[in-house]
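Architecture and fold: a report
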Amino acid sequence: MNQKLTREYLASNAENLSKLVELPNDKIFELPEKVLQFGTGVLLRGLCDYFIDKANKKGVFNGRIVVVKSTDKGGTDDFNEQDGLFTHAVKGLENGQPVEEYIINASISRTISARSQWNEILACAKNPEMQVIISNTTEVGIALVENDKITNTPPQSFPVKLLAFLYERWKEFKGSAKSGMVIIPTELIVGNGDKLQEIVLEQAHRNGLEPEFIEWLENHNSFCNSLVDRIVPGKPDKEICEELEKKFSYQDDLMILSEVYRLWAIQGDEKIRKVLSFASADSGVIIERDIEVYRELKLRMLNGTHTLTCGMAYLLGFRLVKDVMSNSYLSKIITNMMLGEVSLAIPYKIDPKVKDRFGRMVLDRFRNPFLQHKLLDITVQYTAKMKMRNIPILLQYYREFGKAPELFAMGFAAYLQFMKAEKEVNGNYFGESNGEYYPINCNFAPYFYEAWENFDLDKVLSNRSLWGEDLTQLEGFSDAVRKYL
């Protein structure tokens, strides 16, 4: 058994390791704690912590991260036993060329459990060096929980945990303007910063906190909307882990794998940019007043194309995105659909060159041979995704061209076929393809189960509760879909 990855191990093996993996220098371990991070998940570590680590190694941001774990489940031992260190394997394609690099990330100073070490978390509020709060508590985490008190140890919800921290900071620094924080939620909610601020302010009123604190909360803290985009599947497969641990001669229970592409778009001004100085270390961090363009590109060209093609590819016998892209016929369909239909109908004004460049990067990501991206995972809540990601594309295409987008219709027909359940077991629905059953994880599965008994395409397309629109009013769309069905 190899020795665990620790500071001591690095110090005694630096010469050999430096030939294999990017190492931190000793000065990084002495940097002050500047960031409080709610969440230990792989997306935060593979994206946000990646940028901060990169900046620290360049001598730019010069601050480390205190990570808050919401529960004691699983313990914080892996992080503390490895001194917060973890290996980050970056593998994929960039401009069509393979990229493979290995980094030991030293951005995490320590990990604290909210459940058993709440007072230590509140003590971080008294640190004058603290500047930034990052979160990824899942979309459910940004929610208003009734009767949640800042006096609880800890409070139940993330917004009230955050409120308690900020209240402690306000008291410690007597409401000084300089003690305000930059708060960046990364949860996948449109307007995540605005939503979090709204809930925190509401909970401040419900907790009966001083008007002076609420004034400080509103005027001296910045809640930034943000968008994150990087595929971080988590720990590499067992075989890859064993191969890398043998290569590096250490054991790493926190190792993660990610693609090359990375984007962290943060809504902010020059004041925010000054605090988030780590942005200057990598072009993947973008701080602008309007980040909607990045949301639209990702939502339509990446997510939307996935949604239009995952059902079709699955029914044709494929299981992984990379395998679909290895098929010349399907790869051509996906490329033409994305660049020739979806890109032309994004309901937001974007430079065509920007869309084309982004689309080419997305195709590289789809082709990544190192990622096991399952098509079935993309079909979860299929109908809701189709409505949110793709129906606006369809409507805009009609506004621009007045006709049905052909490949879109093909993908939509395949989606309908995928939603045809052949059996129902205890409220769970299953489709069938080539003699194999697959789960249909969609809230509208019961509707389609009944609809397919006497299937009427026009009735389905005119269902406003599904699409928010009567799609039979789009001339030629029903016929185009029916042709592929």
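Look above for the structure.
The structure contained in this document is the topic of the report that follows. Because the structure is predicted, anything quoted here is derived from the model rather than measured.

Comments concerning the packing of helix H10 (residues 292-315) against helix H16 (residues 406-418)
Remark: H10 packs on H16, axes separated minimally by 7 Å, with the N-to-C direction vectors making an angle of 60 degrees. Comparing the axis directions of H10 and H16 gives the class oblique. Seen along the crossing, H10 lies across H16 with a hand that is left-handed. In this structure, H10 contributes Leu308, Gly311, Met312, Tyr314 and Leu315 to the contact, and H16 contributes Phe408, Met410, Gly411, Phe412, Ala414, Gln417 and Phe418. When grouped by side-chain class, the residues that make up the contact of H10 with H16 number 9 nonpolar, 3 polar and no charged.

Structural notes on the side chain of asparagine 56
Relative to the helices and strands, asparagine 56 resides in helix H2 (residues 42-57). Look at asparagine 56 and you get buried, because its relative accessible area is 3%. A polar atom in the side chain of asparagine 56 sits 2.9 Å from the backbone oxygen of glycine 63. Sequence-distant contacts of asparagine 56, that is, excluding residues within four places in its chain, are made with Ile28, Leu31, Phe61, Asn62 and Gly63.

Some details on the sheet that holds strand E1 (residues 33-38)
Spatial ordering of the open sheet is given by E5-E2-E1-E6-E7-E8, a layout of 6 strands whose pairing is parallel. Looking at the sheet topology across the chains shown, the edges are occupied by strand E5 (108-113) and strand E8 (222-223). Of the pairings in the sheet, the one linking strand E7 (residues 182-185) to E8 comprises 2 bridges and is parallel in character. From the neighbouring strand, isoleucine 183 faces E8, where its bridge partner is phenylalanine 223.

Some details on the packing of aromatic side chains
This model, assessed by the stated rule, comprises 29 aromatic pairs. Between tryptophan 264 and phenylalanine 278, the ring centres sit 5.6 Å apart and the planes meet at 15 degrees, which makes this aromatic pair stacked. Note that tryptophan 264 is positioned in strand E11 (residues 263-267) and phenylalanine 278 in the loop between helix H9 (270-275) and strand E12 (285-288), a separation of 14 residues in sequence. Both residues of the pair, tryptophan 264 and phenylalanine 278, count as buried.

Focus: helix H20 (residues 477-484)
Inspection of H20 places Phe477, Ser478, Ala480 and Val481 among the buried residues, and these make up the whole buried set. Seen end-on, H20 carries its buried residues on one side only, within an arc spanning 165 degrees. Exposed residues on H20 whose side chains face more than 90 degrees from its buried face are Asp479 and Lys483. The elements touched by buried residues of H20 are helix H15 (382-401), H16 and helix H18 (457-461).

Remarks on the nonpolar core
One finds Phe412 and Phe477 to be the most contacted residues of the largest nonpolar core, which totals 76 residues. Of the residues forming this core, the biggest block, 11 residues, is contributed by H10. With sequence-adjacent residues up to four places away left out, phenylalanine 412 is seen in contact with Leu308, Met386, Ile391, Leu461, Trp467, Leu471, Phe477 and Val481. In terms of nonpolar packing, the next biggest core, distinct from the first, is built from 37 residues, Val66, Leu162, Trp216 and Phe223 among them.

Criteria and cut-off values
Residues numbered from 1 in each chain as written. Predicted model: local features only at pLDDT ≥ 70, side-chain atom pairs only at ≥ 80, totals over all residues. Heavy atoms only, no water. Axes fitted to C-alpha atoms, helices over the stretch in contact; angles between N-to-C directions. Helix = DSSP H or I, 4+ residues; strand = E, 2+ residues; numbered from the N terminus. Parallel < 35°, antiparallel > 145°, perpendicular 65-115°, else oblique. Left-handed = near helix turned anticlockwise from the far one by under 90°. Contact = heavy atoms within 4.5 Å. Nonpolar A, V, L, I, M, F, W, Y, C, P; charged D, E, K, R; others polar. Buried < 20%, exposed > 50% of the residue type's maximum accessible area, 1.4 Å probe, protein only. Polar contact = N/O pair within 3.5 Å; in protein donor to acceptor, adjacent residues only side chain to side chain. Pairing = 2+ DSSP bridges. Phe/Tyr/Trp six-rings, centres within 6.5 Å; stacked < 30°, edge-to-face > 60°. Arc of directions from axis to C-beta. Core = buried A, V, L, I, M, F, W, Y, C linked by side-chain atoms within 4.5 Å.

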